[in-house]
Amino acid sequence: MKLTQDQRDLLEGRYGEGAQLAMKIQVAIGESFGAERMVPITRAHVALSNQDADLWLAEKMVGLGAKCRVTPTVNPGFCLSYFKRIQKVSDEDYRMMERTEKAYRALGAQLSYNCTPYIDTNVPTFGEVCAFSESSATPFVNAVWGARSNREGANSALFAAITGYVPEYGLLFDENRRGTILVNVEAEMKNDYCYHILGMCGKKIGHGIPVFTGLPENISKEALRNLGAELNTSGAYDMYHIAGFTPEAPDLETAFGGKEPERVVTITDQDFEEVLEEISLKGNREIDFAMFGCPHFTLEECRHILSRIGDRKLKKDMWILTSSHVEQMAQRMGIYDALEAVGAHIVPDSCPDQPCWHFLKGKVGVTESPKCAYYPQRRDIHFVIRDLDTCIEAAVSGEVR
Ligand code: F3S
């Protein structure tokens, strides 16, 4: 690989052992993908984790004196102050999260603890080269913003933030960003929830870069967030196009780079029903709680929940996961207190795939997000999946109808 003077200095340890190790691994990744050079990045997002292996690596990098050249935003773990206040976390889990926070602070990360930074705090511009990990983040920055990021892992994104470079391969090149599968959506796309279910059709869509047609003219940021998150729950997708909507797909011909699609797939209401059958507990049952915000909810969604509940009280707890930015805005606007008053809790900086939810073990929740339902199964927490308004009604009445 051809390296610049600065890149060689990094590799030879002029900027310390931490940066040297990060560069060494990145060069190895680049060589394995046939990259000829490293290119600078201007943004990064690290899907941090407070689990043993990831924490071991972050602490090792701190021990080697690594510091981020490009300040990355980071994924949620669980909010230390919130769960301390409600006394739900074991000492051991608390310590792991505390150590994670300490390590990433020392590395110079922005402790944003949010998995949707591409919506408001870490938003790239068209063509910007960056290093984003996190399932909904990579497809969003590529497809919606037209920025360029490979599907980084938490560790490779951290190394990119430390060195300020990524190896040039994959989606950094025009020719690898073209669509390969034409996906005709015939299913009715009534609301943002339908994009969750469309994303869960990865098995049928298959491997490649989908180009969706048949979607409504206006698609919300929440719907696009849901689509990317679930495409990477049901499969592995770093990029997609929506013909006539996303910036690199003004029309089908451009989306496919003038070539014929390798495959044509049609997604119908029947596919949606089959997917839901496979991933959700059956409805018409009592539930113990509701959980939303996987990926993190927006302020508009918090407001929507409040307006749907109106002056009723919830029979069951409702947990709404979001960023601390949205939490603060909700506080300023009175939404936070109003939700608390009806029995709904805005929880910042937290993810459903965390030990802080152990108190829900053996319980059945309701959620609009298949991803939210997927991860907690390993902690014996199970979900009925329905659209958001049905879930809200379930929390009000105590059962999914
Ligand atoms: Fe975000 Fe955690 Fe869900 S990182 S997408 S809240 S699994």
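Refer to the structure printed above.
The present account deals with the structure reproduced in this document. This one's a predicted model, so the numbers in the text were calculated from it and none came from an experiment. (Residues numbered from 1 in each chain as written. Predicted model: local features only at pLDDT ≥ 70, side-chain atom pairs only at ≥ 80, totals over all residues. Heavy atoms only, no water.)

### Quick word on the site of the ligand
In the vicinity of the ligand, the residues found are Asn-75, Pro-76, Cys-115, Glu-134, Gly-293, Cys-294, Pro-295, Cys-351, Pro-352, Lys-371 and Tyr-375. With 3 residues, strand E12 (residues 289–297) is the largest single contributor of residues to the shell around the ligand. Per-class residue counts for the shell around the ligand are 7 nonpolar, 2 polar and 2 charged. (Near = heavy atom within 4 Å. Helix = DSSP H or I, 4+ residues; strand = E, 2+ residues; numbered from the N terminus. Nonpolar A, V, L, I, M, F, W, Y, C, P; charged D, E, K, R; others polar.)

### A few points about the pairing of strand E4 (residues 130–133)
Alternating residues of E4 divide into Cys-130 and Phe-132 and Ala-131 and Ser-133, and every residue in both groups is buried. The pairing of strand E2 (residues 43–46) with E4 spans 3 bridges and is parallel. Directly across from Arg-43, in E4, lies its bridge partner Cys-130. Read as a crossover between parallel neighbours, the route from E4 over helix H7 (residues 137–144) to strand E5 (residues 151–152) is right-handed. (Buried < 20%, exposed > 50% of the residue type's maximum accessible area, 1.4 Å probe, protein only. Pairing = 2+ DSSP bridges. Right-handed = clockwise from strand over helix to strand, strands pointing away.)

### Focus on the environment of Ala-137
Its location among the elements puts Ala-137 in helix H7. Taking the relative accessible area as the measure of exposure, Ala-137 reaches 0% and is therefore buried. For the pair Ala-137 and Val-264, spaced 127 residues apart in the sequence, the C-alpha separation amounts to 26 Å. Once residues lying within four places of it in the same chain are set aside, the contact partners of Ala-137 are Tyr-118 and Phe-132. (Contact = heavy atoms within 4.5 Å.)

### Topic: the side chain of Gln-26
Looking at where Gln-26 falls in the secondary structure, it is placed in helix H2 (residues 17–32). Within the local environment of Gln-26, its side chain forms a polar contact with the side chain of Thr-163, the two groups lying 2.6 Å apart. With sequence-adjacent residues up to four places away left out, Gln-26 is seen in contact with Met-38, Ser-156, Phe-159, Ala-160, Thr-163, Tyr-165, Val-166 and Pro-167. (Polar contact = N/O pair within 3.5 Å; in protein donor to acceptor, adjacent residues only side chain to side chain.)

### A few points about a negative patch on the surface
On the surface, Glu-188, Asp-269, Glu-273 and Glu-274 cluster together to form a negatively charged patch. Within the fold, Asp-269 resides in helix H13 (residues 269–279). (Patch = residues over 30% accessible without salt bridge, like charges linked within 9 Å, V, L, I, M, F, W, Y side chains within 5 Å. Areas by Shrake-Rupley, 256 points an atom, 1.4 Å probe, with all protein chains shown as cover. Salt bridge = Lys/Arg side-chain N within 4 Å of Asp/Glu carboxyl O. Lys, Arg positive; Asp, Glu negative; His and termini not counted. Charge placed at Lys NZ, Arg CZ, Asp CG, Glu CD.)

### Some words on the pattern of salt bridges
A complete count under the given rule lists 20 salt bridges for this structure. Linking Asp-6 and Arg-69 is a salt bridge whose minimum nitrogen-to-oxygen distance equals 2.9 Å. With Asp-6 in helix H1 (residues 5–11) and Arg-69 in the loop between helix H3 (52–63) and strand E3 (73–74), the pair connects residues that are 63 residues apart, well separated along the chain. Exposure remark for Asp-6: the relative accessible area of 22% places this residue in the partly exposed category. Between Arg-312 and Glu-393 there is a salt bridge, with the nearest N and O atoms lying 2.8 Å from each other. Placement of Arg-312 in the loop between helix H14 (299–309) and strand E13 (317–322) and of Glu-393 in helix H18 (residues 388–397) is noted, with a sequence separation of 81 residues between them. Here the salt bridges do not stand alone but share partners, grouping Lys-221, Glu-222 and Glu-300 into one network.

This is a description of form; function is not addressed.
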